[in-house]
Amino acid sequence: MRAWLFRLSTKHLWEHPGRSLLGLLGIALGTAVYLSISLAAVSALRSFQDGVSAVAGKAEWRLMSPGAPLADFLFTRVRQASEVKAAAPVIESILDLSDPHQGPVLLLGLDPFSELPFRSYEFLSAGQVGARVWEDFLTRPDGVLMSEPLAQRLSVKPGDTLPVMVGSSRRVLTVVGLFRSSHGLYPLDGSVLLMDLAHAQELLGKLGQIDYIDLLLKSKSPGVAEKLAAQLPPGVDLVQPGSQGLQMEGLVAAYRLNLSVLSGIALFVGMFLIYQSVTLSVVRRRREIGLCRTLGMTPGQVLVIFLAEGVVNGLAGGLLGLFLGVFLAKNALGVMTQTMSSLYTPVAATDLFIQTPLLVKAWVLAIGATLVAAWLPAREAARTPVRAVWYREDLEERLANKVGQFFWFGLGALMLAGMLASVKIGNSPPYPGFAAAFLILLSFALLTPAAVKWWGRTLAPWGRRLWGVSGELGCRYLAGSLSRSAVSIAALGCALGMLIAVAVMIGSFRRTVDDWVSRAISGDIFFGPAVFSTAAYDRFLPSEVIPELQADPQISDIYFYRCVRIPFRDRFILVIGGSFEVLARHGSLWFRQGEGQELMLKARSRGQVMVSEPLAEIFGYREGDLLILPTPSGPQRLTIAGIFYDYRTDGPSVWMDITLFRQFWQDRHLNAVRLYLKDPSRVKEVQAKLQHRYGQRYHLLTLSHADLRAGILKIFDDTFALTYALEGVAIVVAVFGIITTFLVLIMERERDLALLQAIGTSRRRILGMVLVESGLASLLSFVLGALSGSLLSLLLIFIINKQAFGWTVRLYFTPGIYWQTLVLVTLLGLAAGAYPAWRALQSHLAAILKEE
Amino acid sequence: MIVLREVSKTYQRGAVAIHALRGVNLVIESGEFLAITGKSGCGKSTLLHLIGGLEPPSAGQIVVAGRDLSRLSEVELTLFRRDLVGVVFQTFNLLPLLTLEENVALPRVLQGASFHQARDEARQWLAEVGLSDRRQHKPHQVSGGEMQRAAIARALINRPAVILADEPTGNLDSGTGAGILELFAHLHQHHRHTVIIVTHAPEAAAHAGRVLRLHDGQIQP
Ligand SMILES: Nc1ncnc2c1ncn2[C@@H]1O[C@H](COP(=O)(O)OP(=O)(O)OP(=O)(O)O)[C@@H](O)[C@H]1O
Ligand SMILES: [Mg+2]
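Computed from a predicted model, the values in this text were never measured in an experiment.

A. Representation of the pattern of salt bridges. What the rule picks out here adds up to 45 salt bridges over all chains. The partner of Arg592(A) in a salt bridge is Glu623(A), and the shortest N-O contact between them spans 4.0 Å. Placement of the pair is Arg592(A) in the loop between helix H17 (580-585) and helix H18 (596-606) and Glu623(A) in the loop between helix H19 (613-619) and strand S17 (626-629), with a sequence separation of 31 residues. Looking at Arg592(A), the relative accessible area reads 28%, which means it is partly exposed. Of the residues examined, Glu623(A) reaches a relative accessible area of 25% and is grouped as partly exposed. In this structure, the salt-bridge partner of Arg210(B) is Glu32(B), at a minimum N-O distance of 2.6 Å. Pair noted here: Arg210(B) is in strand S9 (residues 210-215) and Glu32(B) is in the loop between strand S2 (16-28) and strand S3 (33-38), with a separation of 178 residues, a long-range link. The network of salt bridges with common partners includes Arg592(A), Glu613(A), Glu617(A), Glu623(A) and Lys802(A).

Here it is as structure tokens:
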């Protein structure tokens with residue numbers, strides 16, 4: 001096939017650059033969104049993992065105890081074990097910088113004499129000063145080394161002081177020197193401080209304790225590690241340092257998957273645009289194709305030409321999308337690290353980690369998407385009969401004949417979606433659910449032609465009654481130009497459906513969470529060093545506070561709260577110790593089944609535990625099952641007394657009575673308390689009193705129930721900010737679609753309109769006709785979107801969300817989104833129709849009629 | 001040689017069957033110049049389309065240059081049209097985005113020639129139909145008669161065995177139309193292809209070797 005034949009395509013491209021550009025932009029936006037989300041997610045996780053591996057250094061193994069520190073003497077014992085080549089004790093905590101700086105900073109307490117085989121830090125002060133630095137580091141109890149990037153960011157020099165919050169106390173550290181990590185890798189994007197182990201123990205209140213011990217063994221054979229593990233006391237585990245990163249990945253996997261599916265949807269809508277732009281091109285060029293076929297062009301050649309047009313769109317649009325995507329990713333990364341920090345764990349990443357495979361993948365996806373989207377119209381073009389040179393309406397007829405076929409395929413797809421929705425594959429992500437979501441969108445797209453036909457015909461008499469002849473003609477035109485209108489109605493319907501579905505899902509979810517806060521979280525005041533932070537599992541209430549609170553006459557009840565995060569199978573979970581008896585008195589947890597008060601008291605007396613619904617869903621537990629929980633006192637076999645609704649995001653959780661918790665964890669720390677007042681109306685007064693009493697000494701939050709609720713809902717809203725942004729893009733893409741369609745639809749009909757005008761139809765009437773048509777088209781998109789969106793929202797709420805996160809979300813009707821989209825889409829449709837119609841009426845009648 | 005045996009064509013429009021051709025038997029010798037006339041709707045265009053392999057007959061057999069059209073596959077039929085048939089339409093049907101030269105070259109490129117070669121040949125044919133100075137123009141920049149001349153050049157560039165022309169003068173004034181008919185006759189004398197021309201113009205009969213009258217889908221004796 002001669003390359004020159006593609007000139008036909010390029011000539012059309014130059015003739016109508018705007019049209020081609022829209023299809024191209026659609027795919028570009030879709031690709032950009034998809035890429036930016038993957039890039040941002042990969043970069044955020046990568047920075048977390050870099051952090052983990054930077055801290056791990058060359059360590060091959062790590063000794064740690066689930067959610068608890070190790071005793072000092074274990075280090076001495078392990079170091080002498082015959083299997084061990086080198087060992088280094090580490091203590092770590094995330095502190096908050098305080099005025100004038102802010103943000104989290106990782107403090108690593110190290111024993112410099114054990115470090116050499118593991119981590120190599122380069123001290124940045126040269127010559128004699130270097131010796132000073134060493135000395136200061138080892139001798140000054142407040143001396144820390146600061147990472148070079150952090151020092152640059154904060155403009156801190158050696159010798160400066162650094163105020164920080166340690167747990168609930170304000171402390172001032174002194175920067176004795178700077179360091180650089182050997183590979184330039186730092187956790188938390190460089191926010192790292194190093195401190196001598198003994199000083200760190202004192203600073204963090206962990207005298208005689210270390211958080212973990214890094215190890216190098218004498219041999220890499222697994223037998224050696226097993227032998228060492230066998231000598232360890234119960235509750236001390238030998239793990240690989242990298243597993244931490246994997247477990248964090250497990251925790252955020254569902255969040256990531258949801259985002260990538262959402263971003264995939266933007267690409268899907270982009271596909272519609274390509275489909276539409278190729279279809280339009282086929283429709284407009286039917287005569288030309290017929291002629292070429294007459295002159296001897298084979299169907300195969302026609303197919304190749306139109307596929308090539310689609311693919312060129314994909315290549316160029318995809319390429320544009322890559323640039324746009326990298327640009328967007330920089331913004332998405334900020335939002336995403338913030339979300340991950342408030343949901344899961346502190347993450348800091350400022351640099352985009354651009355992976356070539358990801359770029360290639362996005363580009364290939366864009367090209368693949370356009371190929372798929374261009375395939376159908378290209379095939380249609382290849383089947384154009386030679387007669388198309390003479391007969392114009394043939395395509396409409398053929399399409400009209402296929403409406404029934406499409407309809408049945410659509411119903412079939414819908415049924416398949418229903419079947420897939422009821423499939424659950426073990427513990428894996430809800431792939432069948434996503435497939436069902438795709439099928440729902442597809443089925444509505446397939447039902448569209450039938451709906452358009454029916455809609456146009458049914459409404460024609462009404463159109464006549466309401467707007468006279470122009471009303472009726474508008475309706476008939478709509479039903480009569482299926483090949484063009486159906487595609488854009490389907491595309492817009494799809495985008496609207498997704499918007500509605502996601503809005504209903506988020507709205508319901510928000511209401512559910514709100515209900516949960518008021519129903520399952522009791523307490524008048526929440527009092528502790530940190531309430532919303534995901535970095536705060538080791539921040540405790542100062543011990544002298546509790547007796548003082550107990551003595552306070554205004555407080556009737558105190559609920560103790562203790563929380564640790566431990567690795568469990570493929571992810572992190574939370575283990576929470578609480579005063580069950582107090583909770584039972586004040587509304588208890590919100591159980592899936594069973595009476596709360598009774599369950600909690602029973603669990604307390606029998607040493608049983610409660611698990612959150614996500615934990616039960618993700619790992620497949622039921623009420624009464626046995627759970628084997630790793631604890632510092634060794635694995636414990638615990639019976640699950642009940643499963644409760646829980647919407648916290650930092651991990652699925654296991655709850656037990658505080659006495660049981662203290663038995664396993666062997667400490668008396670508390671992360672926070674809930675206070676129940678004798679007179680709940682005096683919350684403000686008590687809040688002020690607590691601040692007054694402790695504000696000087698400590699940094700402690702006193703939140704009322706309303707504050708807590710507001711805080712939780714704010715995190716919720718922040719989380720979905722990105723989702724809304726993604727939705728917005730899908731809508732913009734679809735809006736492009738509808739505008740092009742109407743432009744082309746009316747332009748195609750310029751002749752007809754001019755003719756109508758020539759035979760004496762008034763401009764008003766013609767405009768009316770076009771407006772009726774475009775108005776009805778957008779109305780129909782809305783109806784289809786509302787139907788598919790409602791179905792999708794059920795799928796999202798009851799299947800996908802449930803399988804991905806384990807959350808039961810109650811469905812709440814959200815009428816707002818329906819009428820908002822209705823207004824938006826109607827206005828848009830009218831505007832998109834009015835402009836080209838107005839243009840058509842401005843042009844010279846004679847010129848239009850003479851052409852051809 | 002073109003042979004039609006008992007050829008019928010019926011269009012089914014819903015419940016209504018339209019018999020465009022009924023049992024046509026016809027033999028056209030190679031190199032013949034045949035004119036077809038008849039009232040509107042009598043089936044002239046249909047007959048032409050069937051011979052050109054543009055549409056299949058409902059019944060009967062059509063053999064053109066030794067090929068039984070009903071036995072050809074879709075692709076073979078396309079190649080048959082490309083290599084053996086040249087078509088001239090009443091409405092010219094030039095591609096508006098291509099220059100006259102490119103329009104004429106198109107069938108040759110479809111045949112597999114390089115564009116340069118095709119363009120050189122197109123120039124020769126344009127010269128032969130008297131359009132040398134218009135070859136870089138787009139169709140809308142030239143007159144109807146000139147467009148039709150270009151269309152004729154396009155029909156001839158692949159040196160087909162048969163030229164089919166459906167009312168080639170229908171959209172032209174009588175003077176221009178006469179010029180086009182003369183061109184057909186001139187080219188026919190030169191290249192000796194078979195010409196089948198549907199026309200209402202009485203002058204056509206003067207150029208044609210034989211005039212065929214169609215009435216209601218049948219050949220009138
Ligand atoms: N695609 C079609 N569908 C239905 N009927 C058709 C179709 N093509 C042609 N006909 C009918 O077949 C009959 C013959 O048509 P044809 O075009 O061959 O007539 P014609 O002799 O060329 O007329 P004219 O001189 O007006 O061009 C007509 O009655 C016409 O309506
Ligand atoms: Mg005719």
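B. Spotlight on the domain arrangement of chain A. All names here are of chain A. Domain assignment breaks chain A into domain 1 (1-56 + 242-392), domain 2 (58-240), domain 3 (445-522 + 705-852) and domain 4 (530-699). The gap between the C-alpha centroids of domain 1 and domain 3 is 23 Å. Listed by partner, the interface residues are 32 residues for domain 1 and 34 residues for domain 3. In this assembly, domain 1 packs against domain 3 so that about 2900 Å² is buried in total across both faces, 81% of it on carbon and sulfur atoms. Linking domain 1 to domain 3 there are zero salt bridges. At the junction of domain 1 with domain 3, the criterion picks out zero residue pairs in polar contact (both at pLDDT 80 or more). Counting only elements with at least two residues in the side of domain 1 that touches domain 3, the list comes to helix H2 (17-56), helix H9 (243-284) and helix H11 (299-343). In terms of residues, the side of domain 1 that touches domain 3 owes the most to one element, H9, which gives 18 residues. Taken together, the residues of the side of domain 1 that touches domain 3 break down into 21 nonpolar, eight polar and three charged.

C. Focus on the side chain of Asp196(A). All names here are of chain A. Inspection of the secondary structure puts Asp 196 in strand S9 (residues 192-196). Here Asp 196 occupies a buried position and makes no salt bridge, while the nearest side chain of opposite charge, Arg 79, is found at 12 Å. Those residues in contact with Asp 196 that lie beyond four places of it in its chain are Leu 110, Pro 112, Phe 137 and Leu 138.

D. Fine view of the sheet that holds strand S4 (residues 59-64) of chain B. Residues and elements named next belong to chain B. Here we have four strands laid out as an open sheet, ordered S2-S1-S4-S5, and antiparallel in their pairing. Since the sheet does not close on itself, it has two edges, and those belong to S2 and strand S5 (67-68), each with one partner. Where S4 and S5 come together, two bridges link them in antiparallel fashion. Counted as the bridge partner of Val 63 is Asp 68 from S5. Packing against the sheet, helix H1 (residues 44-51) makes contact with strand S1 (2-13), S2 and S4, and its axis sits at approximately 120° to S1.

E. Expanded view of the sheet that holds strand S21 (residues 701-704) of chain A. Residues and elements named next belong to chain A. Spatial ordering of the open sheet is given by S17-S18-S16-S19-S15-S14-S20-S13-S21, a layout of nine strands whose pairing is mixed. Looking along the sheet, the strands with just one partner apiece sit at the ends: S17 and S21. Shown here is a sheet whose adjacent strand axes are inclined to one another by a mean of 30°, direction ignored. Looking at chain direction, S17 and strand S18 (residues 636-644) are connected through four bridges and run antiparallel. Within S18, the residue paired with Leu 626 across the bridge is Thr 639. Packing against the sheet, H18 makes contact with strand S16 (609-612), S18 and strand S19 (653-657), and its axis sits at approximately 125° to S16.

F. Examining the site of ligand 1 more closely. Residues in contact with ligand 1 amount to 16 residues; listed here are only the nearest, Ser40(B), Gly41(B), Lys44(B), Ser45(B) and Thr46(B). Ligand 1 is flanked by residues contributed from chains A and B. Here an oxygen atom of ligand 1 sits 2.7 Å away from a polar atom, N or O, in the side chain of Lys44(B). Within the complex, 75% of the 630 Å² of free accessible area of ligand 1 lies under protein. Only S1, S2 and H1 of chain B provide two or more residues apiece to the shell around ligand 1. Sort the elements by how many residues they give to the shell around ligand 1 and H1(B) lands first, with three residues. Grouping the constituent residues of the shell around ligand 1 by class yields five nonpolar, six polar and five charged.

G. How the structure looks around the nonpolar core. The biggest cluster of nonpolar side chains holds 126 residues, and the ones touching the most others in it are Met336(A), Met340(A), Phe509(A), Val513(A), Trp516(A) and Leu795(A). When residues of this core are assigned to their parent elements, the largest contribution, 22 residues, is made by helix H15 (residues 482-520) of chain A. When neighbours within four sequence positions are excluded, Met340(A) is seen to be in contact with Ala44(A), Leu45(A), Val252(A), Tyr255(A), Thr345(A) and Val347(A). Ranked by size, the runner-up nonpolar core spans 95 residues in total, among them Ile36(B), Leu110(B), Phe115(B) and Trp125(B).

H. Quick peek at the interface of chain B and chain A. Across the boundary between the two partners, chain B contributes 28 residues, which contact 25 residues of chain A. The contact between chain B and chain A buries some 2500 Å² in all, and 69% of this surface belongs to carbon and sulfur atoms. For the chain B face of the interface with chain A, the top three residues by lost area are Leu95(B), Leu97(B) and Leu110(B), together amounting to 23%. One can count three salt bridges joining chain B with chain A. One salt bridge connects Lys11(A) with Glu102(B), and the closest N-O pair in it is separated by 3.0 Å. For the pair chain B and chain A, the number of links is eight residue pairs in polar contact (both at pLDDT 80 or more). Contributing elements (two or more residues each) for the side of chain B that touches chain A: S1, helix H2 (74-84) and helix H3 (100-110) of chain B. At six residues, H2(B) tops the list of elements feeding residues into the side of chain B that touches chain A. Residue classes in the side of chain B that touches chain A are distributed as 15 nonpolar, six polar and seven charged.

Reading the values: the criteria
Residues numbered from 1 in each chain as written. Chains lettered and ligands numbered in written order. Predicted model: local features only at pLDDT ≥ 70, side-chain atom pairs only at ≥ 80, totals over all residues. Heavy atoms only, no water. Salt bridge = Lys/Arg side-chain N within 4 Å of Asp/Glu carboxyl O. Helix = DSSP H or I, 4+ residues; strand = E, 2+ residues; numbered from the N terminus. Buried < 20%, exposed > 50% of the residue type's maximum accessible area, 1.4 Å probe, protein only. Domains from an automatic or database assignment. Contact = heavy atoms within 4.5 Å. Buried area = accessible area lost by both parts, 1.4 Å probe. Polar contact = N/O pair within 3.5 Å; in protein donor to acceptor, adjacent residues only side chain to side chain. Nonpolar A, V, L, I, M, F, W, Y, C, P; charged D, E, K, R; others polar. Lys, Arg positive; Asp, Glu negative; His and termini not counted. Pairing = 2+ DSSP bridges. Axes fitted to C-alpha atoms, helices over the stretch in contact; angles between N-to-C directions. Near = heavy atom within 4 Å. Areas by Shrake-Rupley, 256 points an atom, 1.4 Å probe, with all protein chains shown as cover. Core = buried A, V, L, I, M, F, W, Y, C linked by side-chain atoms within 4.5 Å.

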